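A structural walkthrough
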Amino acid sequence: MDERYSRQVLFPGIGKDGQAKIRKKHVLIIGAGALGSGNAEILTRAGVGKITIVDRDYVEASNLQRQQLYTEADVAEKLPKAAAAEKRLTAINSDVEIKAIIGDVTPEFLEELIADVDVMIDATDNFETRMMMNDAAQKYNVPWIYGACVGSFGMSFSIIPGKTPCLNCLLRTIPLQGMTCDTGGIIAPTVQMVISHQTVEALKMLVEDWEAVRTSFVSFDLWRNQYSSMKMSKAKFAGCASCGEERTYPYLDRDNMTKTTVLCGRDTVQIRPAAVMEVSLEQLATQLRTLGYEVKGNPYLLSVEMGSERMVIFQEGRALVHGTKDVTHAKTIYQRIMG
Ligand SMILES: [Zn+2]
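Residues numbered from 1 in each chain as written. Predicted model: local features only at pLDDT ≥ 70, side-chain atom pairs only at ≥ 80, totals over all residues. Heavy atoms only, no water.

1. Some points on the packing of helix H3 (residues 34-46) against helix H10 (residues 188-206)
Two elements in contact, H3 and H10, have axes whose closest approach is 9 Å; the angle formed by their N-to-C orientations is 40°. Considering the angle they form, H3 stands oblique to H10. For H3 against H10, the interelement crossing comes out right-handed. Side by side, H3 and H10 meet where Ala34, Leu35, Gly38, Asn39, Ile42, Leu43 and Ala46 of the first sit next to Val191, Val194, Ile195, Gln198, Thr199, Ala202, Leu203 and Leu206 of the second. In terms of residue class, the contact of H3 with H10 is built from eleven nonpolar, four polar and no charged. (Axes fitted to C-alpha atoms, helices over the stretch in contact; angles between N-to-C directions. Helix = DSSP H or I, 4+ residues; strand = E, 2+ residues; numbered from the N terminus. Parallel < 35°, antiparallel > 145°, perpendicular 65-115°, else oblique. Left-handed = near helix turned anticlockwise from the far one by under 90°. Contact = heavy atoms within 4.5 Å. Nonpolar A, V, L, I, M, F, W, Y, C, P; charged D, E, K, R; others polar.)

Printed below as a string of structure tokens:
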């Protein structure tokens with residue numbers, strides 16, 4: 001075995017056999033932002049055989065504080081993140097086959113991507129893509145690692161089809177909405193902590209040490225010095241549409257994806273979420289107030305002031321974004337709040 005990986009091979013959890021396994025595996029990383037950068041760098045250094053990384057965005061100045069693969073030159077060139085990531089990762093370890101894809105993740109595309117993947121990593125910033133990943137992981141029997149962070153708060157969970165609850169199951173017990181970096185700002189140590197949790201789980205999966213994989217839901221607040229690890233074995237739901245007995249994989253159905261409509265003459269965009277969404281307005285309101293938003297509401301809807309726009313969210317997840325006719329902009333605002 002290469003001198004290059006000697007320290008990792010010396011680690012008893014990995015060893016020569018583990019390293020040989022790592023070299024043969026394929027990891028799919030969805031997103032090349034803060035979590036994607038860090039996950040990709042660590043796994044590239046670890047010598048994973050192949051890494052596919054997908055992202056639809058380009059590098060901006062506000063990314064540099066925490067997205068470790070990028071430089072000022074990438075910002076000046078407005079390089080797509082996937083392209084900048086590929087350049088940097090290849091320079092770090094030319095042994096690893098890096099496949100970078102610039103584009104949006106759709107159900108069809110994800111089903112194509114996931115075919116020969118051993119482990120998938122969640123480095124996305126929105127809920128719709130995560131639910132799509134969750135369904136694809138169940139359908140193609142691919143373990144994956146959820147991760148999210150905002151401010152000094154982060155969380156992670158390992159999902160093994162057939163063994164652990166899935167993300168859709170988890171939603172019944174944990175409110176996961178409102179967890180995106182755009183809403184409340186973010187500090188780099190939070191990102192690094194989530195990356196550590198995700199990559200260590202990935203390494204365990206890559207060496208096939210399934211016993212070692214964490215089955216609890218971990219969350220922490222680095223600023224307030226809080227750390228929690230919740231058992232999730234009871235969260236698995238037999239009627240789950242993604243992992244249950246009569247599963248339908250609703251998030252792989254294009255018809256269930258977010259739909260947008262510009263409402264005539266009202267300077268308003270209506271957004272319908274992917275199906276099967278039930279929003280706890282009370283929980284969401286509390287979360288948004290914690291993040292500093294001005295929120296008004298009643299039992300049927302919430303109204304959130306967001307600078308020049310105002311968003312009204314209904315219980316079924318539908319929203320009206322007032323103050324814009326730009327569908328893409330409205331969708332961005334929606335995903336900021338709904339995760
Ligand atoms: Zn489930």
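The rest of the description comes next.
2. Quick word on the pairing of strand S14 (residues 319-322)
Of the two faces of S14, the one holding Ala319 and Val321 and the one holding Leu320 and His322 are both buried throughout. The antiparallel pairing of strand S13 (residues 309-314) with S14 creates a hairpin that spans four residues between the two strands, and Gly317 there sits at a positive phi of about 90°. (Buried < 20%, exposed > 50% of the residue type's maximum accessible area, 1.4 Å probe, protein only. Pairing = 2+ DSSP bridges.)

3. Observations concerning the sheet that holds strand S5 (residues 144-150)
Strand order in the open sheet formed by eight strands is S3-S2-S1-S4-S5-S6-S7-S8, with mixed pairing between adjacent strands. Since the sheet does not close on itself, it has two edges, and those belong to strand S3 (97-102) and strand S8 (226-230), each with one partner. With strand direction ignored, the average angle separating the axes of adjacent strands in the sheet is 15°. Across four bridges, strand S6 (residues 153-159) lies against strand S7 (residues 217-221) in antiparallel orientation. Paired with Phe153 across the bridge in S7 is Asp221. Against the sheet, helix H5 (residues 81-92) engages strand S2 (50-55) and S3, with an angle of about 170° to S3.

4. Regarding the packing of H3 against H5
The interhelical angle for the contact between H3 and H5, taken along N-to-C directions, is 30°, at an axis separation of 9 Å. Classified by the angle their axes make, H3 and H5 are roughly parallel. Crossing hand, H3 versus H5: right-handed. In contact with Ala40, Glu41, Thr44 and Arg45 of H3, H5 contributes Arg88, Leu89 and Ile92. A class-by-class count of the residues in the contact of H3 with H5 yields three nonpolar, one polar and three charged.

5. Points about the side chain of Arg130
Relative to the assigned elements, Arg130 resides in helix H7 (residues 127-139). A residue is classified by how much of its surface remains accessible, and Arg130, at 2% relative accessible area, is buried. Of note is the side chain of Arg130, whose polar atom sits 2.6 Å from the side chain of Asp122. (Polar contact = N/O pair within 3.5 Å; in protein donor to acceptor, adjacent residues only side chain to side chain.)

So, to be careful, I would describe these as geometric facts and stop short of saying anything about function.
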